[in-house]
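# Summary of the model geometry
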Amino acid sequence: MSALFCRNKIEDYFEVKHLRRIDSTNDYLKSLDKSKLREGFVVVADEQTGGKGRLGRKFFSPKGGLYFSVLTAPKTQDLLDKLTVIAAIAVCDAVREVCGDDASIKWVNDVIVGGKKCSGILTETSENLPGFAIVGIGVNIGDSVDEAVRDIACGVKNVGKDTKKKLLCAILENFKSLYCDFDKSQVVAKYKARCSTLGKTVRVIDNGGKEYPAVAKDLDLDCHLLVFDEQNITHTLSSGEVKILI
Ligand code: BTN
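In short, a report on the structure. Note that the structure is a prediction, hence the values are computed from the model and not measured. Per-chain numbering applies: the sequence of each chain, read as written, is numbered from 1 onward. Thresholds applied to this predicted model are a pLDDT of at least 70 for local features of residues and 80 or more for the giving and counting of side-chain atom pairs; totals over whole chains, interfaces and linings are not thresholded and use all residues. Side-chain numbers here rest on the full set of heavy atoms in the structure, without hydrogens or water.

## Regarding the packing of helix α4 (residues 83-99) against helix α5 (residues 163-180)
Here an axis means a line fitted to C-alpha atoms, over the contact stretch when the element is a helix, while the angle between two N-to-C directions is reported on a 0 to 180 degree scale. Numbered from the N terminus, helices here are DSSP runs of H or I no shorter than four residues, and strands are runs of E no shorter than two. The interhelical angle for the contact between α4 and α5, taken along N-to-C directions, is 135°, at an axis separation of 8 Å. In terms of orientation, α4 and α5 fall into the oblique class. The hand of the α4/α5 crossing is right-handed. Across the interface between the two elements, L83, I86, A87, I89, A90, V91, D93, A94, V95, E97, V98 and C99 of α4 pack against T163, K166, L167, A170, I171, N174, F175, L178 and Y179 of α5. Under this grouping Gly is polar, as are all residues other than the nonpolar Ala, Val, Leu, Ile, Met, Phe, Trp, Tyr, Cys and Pro and the charged Asp, Glu, Lys and Arg. Residue composition of the contact of α4 with α5, by class: 16 nonpolar, two polar and three charged. When an angle is under 35 degrees it counts as roughly parallel; over 145 it counts as roughly antiparallel; between 65 and 115 it counts as roughly perpendicular; any other value is oblique. A clockwise turn of the near helix away from the far one marks a right-handed crossing, whereas an anticlockwise turn of less than a right angle marks a left-handed crossing. What makes two residues a contact is simply this: any of their non-hydrogen atoms within 4.5 Å.

See the structure below:
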């Protein structure tokens, strides 16, 4: 637990800087003078012109969505390793609480509603910020979904003009409690309870780019996905991607 991050009131935990337009909130945080930064600093942008996703992909970030990055300073390797998992739980619960959508987590870090992705998470470290890790979160709201990805992405329900603010607060609140009182086995259990990938027939795209069909069976204690391929051989996936087939 970090003394700086874990204070008493939500306003004490997070200092939020708002930007209208930026290339990427993750890159913006990386460029700042580290002596002026502390854990809990948050940058939120109305729009990103160069939003980044995992695996070198773009994250379309038109006006109307929620795009932000949180600066963390995890004190243990376990906590660092689980930042994305914690963020996925925090987003999934916030979408359920604020928007009433039936959100779930698609392994490894997408939050989905009705089979489509409404949120993605990109956790990064930077040489410019030793000891820190940046958790970048994007949530599409309403119709703030770029045409190029409408077949696979959706927006969470827009519940009024404060949707964005309410979502941001709920995500930060959820993130804070999982981060400050970090308990790895509890976090993995919570992730598992929200993970809709389990039991599904999937197409695995592993780190080497190899693709094969499999059934997603379980998560291990590190949140790695256990899949059975067509020869009934078990593979343990620590990263990579799965596409849900059935
Ligand atoms: C993914 O789905 O592959 C990850 C998407 C992460 C998007 C967020 S939006 C805020 C932050 N800034 C970025 O450039 N990316 C992350």
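## Points about the layout of surface pockets
Think of a 1 Å grid over just the protein atoms. A cavity is a set of points where a 1.4 Å probe fits yet cannot get out, a pocket is an open set with protein on both sides within 12 Å along at least five of seven lines, and lining residues have an atom within 4 Å of a point. Grid points are joined across faces, edges and corners, and a volume is the space filled by probe spheres set on the points. The computed volume of the largest pocket comes to approximately 860 Å³. Together, 43 residues line the largest pocket, and R57, F59, D110, K117 and I152 are the ones closest to its centre. If you list the elements that add at least two residues to the lining of the largest pocket, you get α2 (25-31), β3 (66-72), β5 (110-113), β6 (116-124), β7 (133-139) and β12 (241-244). The element that contributes the greatest number of residues to the lining of the largest pocket is β6, accounting for seven residues. Across the lining of the largest pocket, the residue classes tally to 17 nonpolar, 14 polar and 12 charged. Composition of the lining of the largest pocket by domain shows at least three residues from each of domain 1 (8-194) and domain 2 (201-244). Contributing to the lining of the second largest pocket are 20 residues, with D81, T84, V85, V108 and S238 lying nearest its centre. Contributing elements (two or more residues each) for the lining of the second largest pocket: α3 (77-81), α4 and β6. When its residues are assigned to classes, the lining of the second largest pocket shows eight nonpolar, seven polar and five charged. Two domains each put at least three residues into the lining of the second largest pocket: domain 1 (8-194) and domain 2 (201-244). These domain limits were set by an automatic method or by a database of domain assignments.

## Section: the packing of aromatic side chains
Here a Phe, Tyr or Trp ring, Trp counted by its six-membered ring, pairs with any other such ring whose centre lies within 6.5 Å, and the pair is stacked when the planes are under 30 degrees apart, edge-to-face when over 60, and tilted otherwise. In the structure shown here, the tally under the stated rule is three aromatic pairs. With centroids separated by 6.4 Å and ring planes inclined at 75°, the aromatic side chains of F59 and Y67 adopt a geometry described as edge-to-face.

## Some thoughts on the nonpolar core
Among the nonpolar cores identified, the biggest contains 60 residues, and L66, F68, W107, I137, L167, I171 and Y191 are the most heavily contacted of them. With 13 residues, α4 is the largest single contributor of residues to this core. By nonpolar core we mean a set of buried residues, namely Ala, Val, Leu, Ile, Met, Phe, Trp, Tyr and Cys, connected to one another through side-chain atoms within 4.5 Å. Three labels apply to residues, based on accessible area from a 1.4 Å probe with only protein chains included: buried if under 20% of the type maximum, exposed if over 50%, partly exposed otherwise in between. Counting 14 residues, the second-largest nonpolar core is a separate cluster that includes L19, V43, L129 and F132.

## Focus: the pairing of strand β11 (residues 234-237)
Here, a strand pair is defined by DSSP locating no fewer than two bridges between the strands. As defined by bridge partners, strand β10 (residues 225-229) adjoins β11 across four bridges and the pair is classed as antiparallel. Residue V227 lies in a different strand from β11, and its bridge partner there is H235.

## Looking at α4
Counting along an α-helix, one turn takes 3.6 residues, and residues three or four places apart therefore face a common direction. Expected helix span is computed as 1.5 Å times (number of residues minus one). Its 17 residues place the ends of α4 23 Å apart at the C-alpha level, agreeing with the 24 Å of an ideal helix rising 1.5 Å per residue. Summarising burial for α4: 15 of the 17 residues are buried, a large majority. One or two steps after α4, the chain reaches G100, where phi turns positive at roughly 75°.

## Quick look at the sheet that holds strand β2 (residues 41-48)
If you walk across this open sheet you meet the seven strands as β1-β2-β3-β7-β6-β5-β4, and the pairing is mixed. At either end of the open sheet lies a strand with only one pairing partner, and these are β1 (15-22) and β4 (103-106). Ignoring which end each strand starts from, the neighbouring axes of this sheet average 20° apart. One ladder, built from four bridges, connects β4 with β5; its direction is antiparallel. The partner of A103 across the bridge, within β5, is V113. Sheet contacts for α4: β3, β4, β5, β6 and β7; angle to β4, the most-contacted strand, approximately 160°.

## Regarding the pairing of β4
With burial as the criterion, each face of β4 is covered, one bearing A103 and I105 and the other bearing S104 and K106. Between the end of β4 and the start of β5, which pair antiparallel, lie three residues.

## Details of the site of the ligand
Around the ligand lies a shell of 19 residues, among which S24, Q48, K52, R54 and K117 are the nearest. A distance of 2.7 Å separates an oxygen atom of the ligand from a polar atom in the backbone of K52. For the ligand, whose unbound accessible area comes to 420 Å², protein coverage reaches 98%. For the ligand, the cavity whose grid points lie within 2 Å of the majority of its atoms is the largest pocket. Sorting the residues of the shell around the ligand by element identifies α2, β3, β6 and β7 as the ones contributing at least two each. No other element matches the four residues that β6 contributes to the shell around the ligand. For this description, a residue counts as near a given molecule or strand if any of its non-hydrogen atoms is within 4 Å of it. Between N or O atoms, a polar contact is any pair within 3.5 Å; within protein, one atom must be a potential hydrogen donor and the other a potential acceptor, and residues adjacent in sequence are included only when both atoms are from side chains. Exposure was quantified through the Shrake-Rupley algorithm and a 1.4 Å probe, taking into account, for residues, occlusion by the shown protein chains and nothing else. For a cavity or pocket, the test is whether more than half of a molecule's atoms lie within 2 Å of its grid points; if they do, the molecule sits there.

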